[in-house]
Structures are given as structure tokens and as C-alpha cells.
Amino acid sequence: MDDPAGTLQPLRQRVCAARHIVVLTGAGMSAESGIPTFRDALTGMWANVDPMQLASEAGFRANPARVWAWYAERRHGVRAAQPNAGHRALGDFARRLPGRLTVVTQNVDDLHQRAGNTDAIRLHGDILQDRWLDSCPRTMRGSTCDTAFAEPGDPPICAECGNRVRPGVVWFGEALPLDALTAAEQAADACDLMLVVGTSGAVWPAAGLAARARHAGAHVAIVNPEPSDIDADAHQLVRGTAAGVLPPLFAA
Ligand code: BV8
């Protein structure tokens with residue numbers, strides 16, 4: 001989408017004039033990199049499985065191998081994916097104008113970071129990282145019990161205590177990392193422009209950041225080919241895709 005009708009021009013002018021821009025992203029940001037979203041009817045990962053069974057501690061404890069296999073498949077897809085033109089537009093902007101843009105992402109892939117937004121705030125963790133499911137006696141004794149030393153398995157386990165390795169993501173029912181959530185809220189309070197890109201706005205507390213930014217006085221625009229649960233929080237709805245809309249908005 002190279003905006004022949006100039007419909008993006010007013011928003012482009014806001015991008016150029018803004019002191020501090022927050023871009024809040026969801027799975028749609030990575031869709032054009034080939035990473036499936038969660039809720040899209042055709043491609044959504046959760047179209048035919050219950051996310052609570054796969055993305056929750058209870059689901060993992062009930063069937064560790066099943067959940068571990070689901071994450072292994074998703075990790076493979078993330079490693080094979082490349083940042084798309086939308087990721088690159090944001091990364092290039094951050095390099096040109098340091099400090100002007102804060103990316104806050106719900107995504108657990110590393111495409112923003114690989115595109116140059118190395119300080120992107122990760123609300124829901126990192127699918128390429130592991131951590132222990134429970135605290136391991138060795139860790140409590142102060143010795144390092146790095147998951148890298150776990151015995152191979154589906155999932156890997158601690159040879160000494162049987163503790164399982166789990167993906168370093170935030171599951172449903174788990175608190176978001178306080179430092180990430182606090183940084184995201186402070187960015188929403190301080191920005192004068194928030195773009196919400198590629199999220200259905202279904203998952204909280206991330207979904208509340210758009211209303212928070214609006215309440216703090218920011219202009220809020222949503223970039224999404226479809227309606228979302230938080231459209232009412234926006235001043236402006238741009239019906240387009242991340243890779244189609246972000247390059248003309250953030251071009252040099
Ligand atoms: C918590 C990591 C409390 C795992 C994920 C109110 C307040 C607080 C909590 C709640 C609340 N109400 C309910 C809750 C509980 C729950 C929740 O929100 N439930 C929902 C389902 C109702 N929230 C939680 O459990 C959170 N924790 O609140 O803890 C607490 C406090 C203290 C102590 C203990 C506990 C934790 C939520 C995090 C869950 N983890 N991910 C993993 O990935 O495996 S969520 C996961 O789903 C993603 O990270 C993402 O956040 C979400 C999916 O949403 P989207 O990214 O929006 O993706 P989706 O597919 O839905 O939509 C894609 C969009 O893209 C669509 O709109 C589509 O049109 C668009 N699109 C498609 N293509 C493109 C595009 N857009 C642009 N361009 C394109 N090309």
C-alpha cells in the first residue's frame with residue numbers, strides 16, 4: 001500500500017511532528033513474516049485449540065509434552081521468519097531518530113529486535129528463552145542451575161530434582177513482568193502519538209494501553225485490516241496491514 005490517495009498524509013504529519021511515539025504491536029505485526037496470528041479465523045493458531053490448554057501453567061502441567069511440542073513448532077517458525085517491511089520501517093526510524101520511538105510488543109518473537117528495535121518492551125516474554133517451571137533446590141542453594149544443563153527431554157528436566165524447563169513466555173493467569181508493564185505504562189502516559197498495530201485487543205492488561213495513552217492526551221491510531229476490540233479507544237482507524245502502512249508512515 002503506497003498510499004496513492006494520500007489518506008495517510010495527516011497521520012504521516014503526526015509521525016513527523018511527534019516528540020515521543022509509542023507503537024503497540026500484536027500478532028498481526030508478524031503475520032506478513034509468515035508467523036500465524038492467534039485468532040484470525042483462517043490462519044489463527046487458536047482457531048481449533050483452546051489457548052488455555054496450551055498457553056497456561058495448568059495446561060503445561062497437565063500435558064507437558066503436548067505444550068512443549070507446540071512451542072517447539074512455533075520456535076522453529078520464528079527462527080525461519082524474517083522481519084517484514086513494517087518491522088524494518090520501525091527499526092530504521094529508531095536508528096535515524098534515537099529516543100523518539102518506543103515499541104511495546106505483545107509478541108514473543110524477536111522480529112522487532114532483529115529489525116533494530118533492540119529495546120522493544122516485551123510484555124509477554126520471549127519464546128526463544130527457557131526458564132525453570134519451579135524453583136530448583138540447587139538454585140535455592142545459590143548454585144546456578146542453568147536450564148542449559150537440563151537433561152534432554154520433552155520438555156528437558158533437571159536430573160537432580162525433576163524440575164521441568166518451560167518457555168520464557170507469560171502464560172494466561174501469570175502476571176506480566178513488572179518492569180516491562182511499568183515501562184509500557186510510563187511510555188503510554190508520556191507519548192503524544194500511539195499507533196496500535198496488528199492486535200485484536202482481546203488480551204489484558206496490554207489491551208488497556210491504548211485507552212491509557214488517549215486518557216493521557218495522545219493521539220491514538222489503530223492499524224489493522226479488521227475491526228478490533230479496542231477500536232473505540234482510537235481517534236483514527238487505518239484499515240491496512242503493518243507491512244503496507246508503516247513504511248509510508250515512518251519513511252525518512
Ligand atoms: C494477567 C504469550 C493477572 C504466550 C500471551 C483484565 C485485566 C487483567 C487480566 C485480565 C483481564 N481480563 C481477563 C484477563 C485475563 C487474561 C486475558 O486477557 N484473557 C483474555 C483472553 C480475556 N490476561 C492474562 O492472563 C494476563 N495475565 O492478567 O495476570 C495476574 C496479576 C498478578 C498475579 C497473577 C496474575 C497474561 C496475558 C498474556 C498471555 N500470553 N502470549 C504465547 O504466546 O504462547 S497472549 C497472546 O495472545 C499474545 O501474546 C497476544 O497478546 C495475544 C494475541 O493477541 P493479538 O496479538 O492481538 O493476536 P490476535 O490473533 O488476537 O489478533 C491479530 C490481529 O492482527 C487481528 O486483529 C488481525 O485483524 C490483525 N492482523 C492480521 N494480519 C495483519 C493484522 N494487522 C496488521 N497487519 C497484518 N498483516
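Given the structure is predicted, the values throughout are model-derived calculations rather than measurements. Each chain carries its own residue numbering, running from 1 in the written order of its sequence. Note on the predicted model: pLDDT of at least 70 is required for a residue's local features to be given, and 80 or more for side-chain atom pairs to be given and counted; whole-chain, interface and lining totals, by contrast, use all residues. Values reported for side chains reflect all heavy atoms of the structure, with hydrogen atoms and water molecules removed beforehand.

Undergrad: Can you help me understand the overall build of the protein in this one?
TA: Secondary structure counts use DSSP, requiring at least four H or I residues in a row for a helix and at least two E residues in a row for a strand, with both numbered from the N terminus. A count of helical and extended segments in the protein gives 11 helices and 8 strands. This radius of gyration counts C-alpha atoms alone. The globule rule is 2.2 Å times how many residues there are, raised to the power 0.38. Whereas a compact globule of 252 residues would reach a radius of gyration of roughly 18 Å, the protein reaches 19 Å, a difference of no more than 12%. Dimensions of the protein along its principal axes, counting C-alpha atoms only, are 60 × 40 × 30 Å. Taking all 252 residues of the protein together, 52% fall into the buried category. Look at the contacts in the protein between residues 6 or more apart in sequence, and 67% of them connect residues 24 or more apart. Each accessible area value is a Shrake-Rupley result obtained with a 1.4 Å probe; residue values ignore everything except the protein chains displayed when judging cover. Carbon and sulfur atoms make up 53% of the accessible area of the protein, which totals about 11,700 Å². A positive count includes Lys and Arg, and a negative count includes Asp and Glu. His and the chain ends are not counted in either. To locate a charge, the coordinates of NZ of Lys, CZ of Arg, CG of Asp or CD of Glu are taken. In the protein, 23 positive and 27 negative side-chain charges are present, and the distance between their average locations comes to 3 Å. A simple rule labels every residue: compare its accessible area, found with a 1.4 Å probe on the protein chains alone, to the largest value its type can have, and call it buried under 20%, exposed over 50%, or partly exposed in between. The contact criterion used is simple: two residues touch if any of their non-hydrogen atoms lie within 4.5 Å.

Undergrad: Hey, could you run me through the packing of aromatic side chains in this one?
TA: Aromatic ring pairs are defined here through the distance separating the ring centres and the angle between the ring planes. Aromatic contacts are taken between Phe, Tyr and Trp rings whose centres are within 6.5 Å, Trp giving its six-membered ring; a plane angle under 30 degrees counts as stacked, one over 60 as edge-to-face, and the others as tilted. Scanning all chains against the criterion turns up 4 aromatic pairs. With a centroid separation of 5.3 Å and an interplanar angle of 35°, the aromatic rings of phenylalanine 60 and tryptophan 171 are classed as tilted. Residue phenylalanine 60 is found in helix H4 (residues 57–62), and its partner tryptophan 171 is found in the loop between strand E5 (165–169) and helix H9 (178–190); the two are separated by 111 residues along the sequence. Judged on exposure class, the residue phenylalanine 60 and its partner tryptophan 171 are both buried. Centroid distance phenylalanine 93 to phenylalanine 250: 5.1 Å. Interplanar angle 85°. Geometry classified as edge-to-face. A residue pair is termed long-range when its members are at least 10 positions apart, and phenylalanine 93 in helix H6 (residues 85–96) and phenylalanine 250 in helix H11 (residues 242–250) qualify at 157 residues. Taken as a pair, phenylalanine 93 and phenylalanine 250 share a single burial class, namely buried.

Undergrad: Please clarify how the pattern of salt bridges should be interpreted in this entry.
TA: Where charged atoms from two side chains of opposite charge approach closely, those side chains can pair. The salt bridge definition used is simple: a Lys or Arg side-chain nitrogen within 4 Å of an Asp or Glu carboxyl oxygen. Overall, the coordinates contain 11 salt bridges when judged by the stated rule. For arginine 212, the salt bridge goes to glutamate 185, with nearest N and O atoms at 3.7 Å. Placement of arginine 212 in helix H10 (residues 209–215) and of glutamate 185 in helix H9 is noted, with a sequence separation of 27 residues between them. Looking at glutamate 185, the relative accessible area reads 24%, which means it is partly exposed. Residues arginine 212 and aspartate 189 are paired through a salt bridge, measuring 2.7 Å at the closest nitrogen-oxygen approach.

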